[in-house]
Amino acid sequence: MTNHGRLQVAACRLSAASTILLAFVAGLPGVLRAQDLENGKALYDKWCAGCHGMTGQGDGPAADYMLPRPRDFTFAIYQIRTTSNGELPTDDDLRYIVDNGMPGSTMPGWKDKLGPGDRDDVVAYIKSFSRFFEDGQPEPVAVARAPRVTDEGLAEGRRLFEEEVECIKCHGAEGRGDGGSAPELTDDDGFPIRAANLTENWTFNGGGSVEDILMRIRVGVDGTPMPSNGDAIDAGIITEEQLWRVAQYVRSLSPDAPPRRQDVVRAAFVEGDLPNGPEDPAWNDVEALYIPMVGQILEAPRWFAPAVDGLWVRALHNGEGMALQFSWDDASASPDEAWDPFFDGVVTSMVAPDAPHLEAQGPDHLAVQFPLTPPEGTVLPYFLAGDARNPVYQIRWRSNPDMAEEGTATGLGTFASGTGSDLTHGAAFANGRWQVQFTRSLTASDPGVAASFTPGESMPMAFYVADGTNAEDDVRGAVSAWYAVYLDVPLPPRVFIAPVVATLLTAGLGLVVVIQAQRRST
Amino acid sequence: MRRILAVPVLLSVACGGGGESGGESSGGGGGEAAVAALGTASIMGVVNFSGMAPANPAIDMAEEAECAAKYADGPTDPVVVVADGKLANVFVRITSGLPAGPYPMPSSPSVIDQDGCLYTPRVVGVMVGQDLEIQNSDPLLHNIKAVPTANRGFNISQPRVMSSTRSFNTAEVMVPLECSVHGWMQAYVGVVEHPYFAVSGADGAFTISGLPAGTYTLEAWHETLGTQTMDVTVEDGGSASAEFSFGS
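Residues numbered from 1 in each chain as written. Chains lettered and ligands numbered in written order. Predicted model: local features only at pLDDT ≥ 70, side-chain atom pairs only at ≥ 80, totals over all residues.

## Quick notes on the overall build of chain B
Just so we agree on the cut-off: Runs of H or I in DSSP of at least four residues are treated as helices and runs of E of at least two as strands, each being numbered from the N terminus. Using C-beta atoms placed from the backbone, we call a residue buried if 20 or more other C-beta atoms fall within 10 Å of its own, exposed if 12 or fewer do, and partly exposed for counts in between. This entry defines residue contacts through backbone-placed C-beta atoms, with two residues in contact when those atoms are within 7 Å.
The secondary structure content of chain B amounts to one helix and 20 strands. Split into buried and exposed, the 248 residues of chain B put 46% on the buried side. Sequence separation of 24 or more characterises 68% of the internal contacts of chain B that already satisfy a separation of 6 or more.

Written out as structure tokens, the structure is:
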């Protein structure tokens, strides 16, 4: 053997040895640190049992106020897996949910609250609730590589979504969870469950990337109506590539990035007419502010499971009047008979805090509020319908009968209807989305009933939304914190004319100078 | 070396659709050691129904015109199927009296079909480990979702005509099958540790064969009418009768 050859062999051995060593060192924490069930139990009892129950049956004290309800660990049925349908999750699958939570539910992520070792211990303890884990755990499903995203691919994905895989039946034509089968969906325990709103990928349980979506479609979401497409692939009904096309199309239904947090919606100035309805194409060019909404859990009757998780707001004014457009996802225009099974499921499966449940579906609600008078300094009215010293001006809309009214309030449940402006409204519902427009003069006709708006100033603004199908009403629903609307100052004409005049003058003077110079030289 | 025995298993199961018997089978599929039939006795029974059968609820199948078209008088949910005083879709199995296993495995799978947006048959039995073949004869999306408690469940998308196979590894009576797309679809699978089970056909008849001589407890289950038990004694090569009576 030549020196060169020996060197090669030695190098190879060294590299092999270092690889083994590296692998060993990398695996060392896992090897040395056995999962600690005792620590897992202590952490579980402290942080998890309130919802999931001391014995892991998903029956903690808070469970009856939640929908979706907390997982029952004793059946070991887990929604978010990388393993085949019906199989146990891997430890990594469980750890992912402990880390990141379930955005479509009340389950928070624990990444920032518990250390990695503690989270492993919790996973180990959760597994101990079910005998199924005694038989070992399966391997993740292998998936083919994703094809490149193309326009044709997205079109194919849409066709499959609508006609072949028929996602549309539950998720709806535009993916907002309003398909024909959606109102009757239940989870394995018979509790009502919503088809995911596919236009908000930041709320997807298990993650919103194309890869995450592909995995959900491939292996299903156990415990829910979402089936696995593994058998359809095995049977040659659809190909893996086609499944990727569906995943890519589903991903395309959401924005590229989750909505940015912003506090102020800008009401741009427009010359002439304001949009004449919520569906006026003029709104398409107006920037929308996304308002996250949360349950009204501060004042009786509270509501812990709001259906609406966000609201898009647009605003325009023309110096005389102002138009606000609201858009939010709601699978039904309540009341809707088809959704009675869902409503019935909500009222029978959840405890109504503070007051009895509604007996039947009511309408959907929207309210926007402003301080009745511009706030002095930083003092704002209480965000829930104001307070005795700081009344709010509210514009309230309901879906059935379709009506809007304005008035004042000094606290939840104190709304007094009145006429303080020339308020008009329009509302439209399609494919699981409400769009509502309020239009009125900037200046109130009665300042005791309505607020006035001034270009160049910002006005605090807060929101309320309720879904009648979800057993919500005008106090049990979703609220926002205070935001603001800023009315642009229309630019005076001189702003546009002055630069042109200046340019012309400069050019003219330059020309004079040149001409004079040419004369002198000749 | 493992010996493969090819032994006839005398097991006939009257299916929900029409009381036809399952075929005779030979054991020993897939390299598994087959178990000989334990005996030659059989129980030939019938399930009666007395009184007025409750009306089955109508199904609004408007969302699936292709399915709805198959029902001239409008689709109904066949919860209680009675004809001439005989009750179909009763799951009958032996609950005690059997010698210790192992038991012969039926060589052919149990079959359940999705046809006209209903399950056919509505009630089937399988032995632990026996294949359950789930067919979709409808040219549209069904998902077939099993919601067991002792077994692992499954939830299979069948976007068009196709077939899937599953099995259960623990006895469980009954495992509900559901379709989330069509909330009215409901079926039940009885999972038993032995092959001595049957489902009453349209004529109310059921047959359990291949039994050794002995005295057995039979349990009859119906999804809404409850369960009944009775003791039956059979002789080698003989056939005993068993009669259950449900009523409204």
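## Some details on the overall build of chain A
Along chain A, the regular secondary structure elements total eleven helices and 14 strands. With the principal axes as the frame, chain A shows a C-alpha extent of 95 × 90 × 50 Å. Residue burial in chain A is summarised as follows: out of 522 residues, 43% are buried.

## Looking at the interface of chain B and chain A
Often the size quoted for an interface is simply the accessible area lost on bringing the parts together. Counting residues at the interface gives 21 residues for chain B and 25 residues for chain A. Looking at the side of chain B that touches chain A, the elements with two or more residues in it are strand 11 (142-146), strand 12 (154-158) and strand 13 (162-166) of chain B. If one sorts the elements of the side of chain B that touches chain A by residue count, strand 12 of chain B sits on top with five residues.

## Some thoughts on the pairing of strand 14 (residues 483-487) of chain A
Residue and element names in this part refer to chain A. What counts, and what does not: A strand pair is defined by DSSP finding two or more bridges across the two strands.
Bridging between strand 1 (residues 264-269) and strand 14 involves four bridges; their strand directions are parallel. Within strand 14, the position partnered with Val264 by the bridge is Ala484. In this sheet, strand 14 lies alongside strand 12 (residues 458-466) in antiparallel orientation, the contact comprising four bridges. Each bridged residue has a counterpart across the sheet, and for Pro460 the counterpart in strand 14 is Ala484.

## Structural notes on the nonpolar core
Stated formally: A set of buried Ala, Val, Leu, Ile, Met, Phe, Trp, Tyr and Cys residues, joined through C-beta atoms within 7 Å, is what we mean by a nonpolar core.
With 63 residues, the main nonpolar core has Val90, Val92, Leu177, Val189 and Ile208 of chain B as its most contacted residues. Sequence-distant contacts of Leu177 of chain B, that is, excluding residues within four places in its chain, are made with Tyr119, Ile144, Lys145, Ala146, Ala187, Tyr188 and Val189 of chain B.

## Things to note about the confidence of the model for chain A
Put simply, the test is: On a range of 0 to 100, pLDDT expresses the predictor's confidence in each residue.
Looking at chain A as a whole, its pLDDT mean stands at 91, while 93% of the residues score no less than 70. Per-residue pLDDT stays below 50 along residues 19-32 of chain A; that stretch engages in zero contacts with residues further than four places along the chain or on separate chains.

## Quick word on the packing of helix 5 (residues 151-164) of chain A against helix 9 (residues 240-252) of chain A
All names here are of chain A. Definition in use: A fitted line through C-alpha atoms represents every axis, and for helices the fit uses only the stretch in contact; the resulting angles, taken between N-to-C directions, go from 0 to 180 degrees. An angle below 35 degrees is treated as roughly parallel, one above 145 as roughly antiparallel, one from 65 to 115 as roughly perpendicular, and anything else as oblique. Here the term charged refers only to Asp, Glu, Lys and Arg, the term nonpolar to Ala, Val, Leu, Ile, Met, Phe, Trp, Tyr, Cys and Pro, and the term polar to all other amino acids, Gly among them.
Between helix 5 and helix 9, the shortest axis-to-axis distance is 7 Å and the interhelical angle comes to 95 degrees. Taken as axis vectors, helix 5 and helix 9 run roughly perpendicular relative to one another. Where helix 5 approaches helix 9, its residues Gly153, Leu154, Glu156, Gly157, Arg158, Leu160 and Phe161 are matched on the opposing element by Gln242, Arg245, Val246, Gln248, Tyr249 and Ser252. Class assignment for the residues of the contact of helix 5 with helix 9 results in five nonpolar, five polar and three charged.

## Brief notes about the domain arrangement of chain A
Residues and elements named next belong to chain A. Keep this limit in mind: Domains are outlined according to an automatic or database domain assignment.
Annotation of chain A at the domain level lists domain 1 (37-135), domain 2 (151-252), domain 3 (264-487) and domain 4 (494-522). Relative to domain 2, the C-alpha centre of domain 1 lies at a distance of 24 Å. Across the contact, 16 residues belong to domain 1 and 20 residues belong to domain 2. In the side of domain 1 that touches domain 2, the residues fall into seven nonpolar, seven polar and two charged.

## Details of the environment of Ala462 of chain A
All names here are of chain A. Here Ala462 is to be found in strand 12. C-alpha of Ala462 to C-alpha of Tyr483: the two residues are 21 residues apart in sequence and 5.8 Å apart in space. Once you skip the residues sitting within four places of it in the chain, Ala462 turns out to touch Gln369, Phe383, Ser480, Ala481, Trp482 and Tyr483.

## Quick word on the sheet that holds strand 11 of chain B
Residue and element names in this part refer to chain B. What the five strands build is an open sheet, ordered 9-15-14-11-12; its pairing is mixed. The outermost strands of the open sheet, each flanked by one partner alone, are strand 9 (123-127) and strand 12. Adjacent strand axes in the sheet meet at a mean angle of 20 degrees when their direction is disregarded. Two elements, strand 11 and strand 12, share five bridges in a ladder whose sense is antiparallel. Within strand 12, the residue paired with Ile144 across the bridge is Ile156.

## What about the environment of Thr186 of chain A?
Its location among the elements puts Thr186 of chain A in the loop between helix 6 (168-171) and helix 7 (210-219). Taking the C-alpha atoms as reference, Thr186 of chain A lies 6.9 Å from Pro225 of chain A; in sequence the two are 39 residues apart.

## Observations concerning the sheet that holds strand 6 (residues 91-96) of chain B
Residues and elements named next belong to chain B. Spatial ordering of the open sheet is given by 16-6-18-19, a layout of four strands whose pairing is antiparallel. With partners counted over all chains shown, the strands left at the sheet margins are strand 16 (197-199) and strand 19 (226-234), one partner each. Strand-to-strand twist in this sheet, taken as the mean axis angle between neighbours without regard to direction, amounts to 25 degrees. The pairing of strand 18 (residues 214-222) with strand 19 spans nine bridges and is antiparallel. Residue pairing for strand 19: Thr217 is matched across the bridge by Asp231.

## Some words on the packing of helix 2 (residues 37-52) of chain A against helix 4 (residues 116-127) of chain A
Residue and element names in this part refer to chain A. Two elements in contact, helix 2 and helix 4, have axes whose closest approach is 7 Å; the angle formed by their N-to-C orientations is 90 degrees. Relative to helix 4, the element helix 2 is oriented roughly perpendicular. Taking contact as the criterion, the partners of Leu37, Asn39, Gly40, Lys41, Leu43, Tyr44 and Cys48 in helix 2 are, on helix 4, Asp118, Asp121, Val122, Ala124 and Tyr125. Partitioning the contact of helix 2 with helix 4 into residue classes produces seven nonpolar, two polar and three charged.

## What about unusual backbone geometry?
Residue and element names in this part refer to chain A. Residue Pro68 follows Leu67 across a cis peptide bond; omega there is 0 degrees. You can see Pro68 is positioned in the loop between helix 2 and helix 3 (91-100). The omega torsion across Asn400 and Pro401 is -5 degrees, close enough to zero to call that bond cis. Tracing the backbone through its elements, the reader meets Pro401 in the loop between strand 7 (392-399) and strand 8 (402-409). Of note, the phi angle at Asp354 is positive, near 75 degrees, even though the residue is not glycine.

## A look at the confidence of the model for chain B
All names here are of chain B. When pLDDT is averaged along chain B, the result is 88; 86% of the residues meet or exceed 70. This model gives residues 1-32 a pLDDT under 50, and the stretch forms 91 contacts once residues within four places in sequence are excluded. On the interface metric, ipTM, the complex scores 0.81, and its pTM is 0.85.

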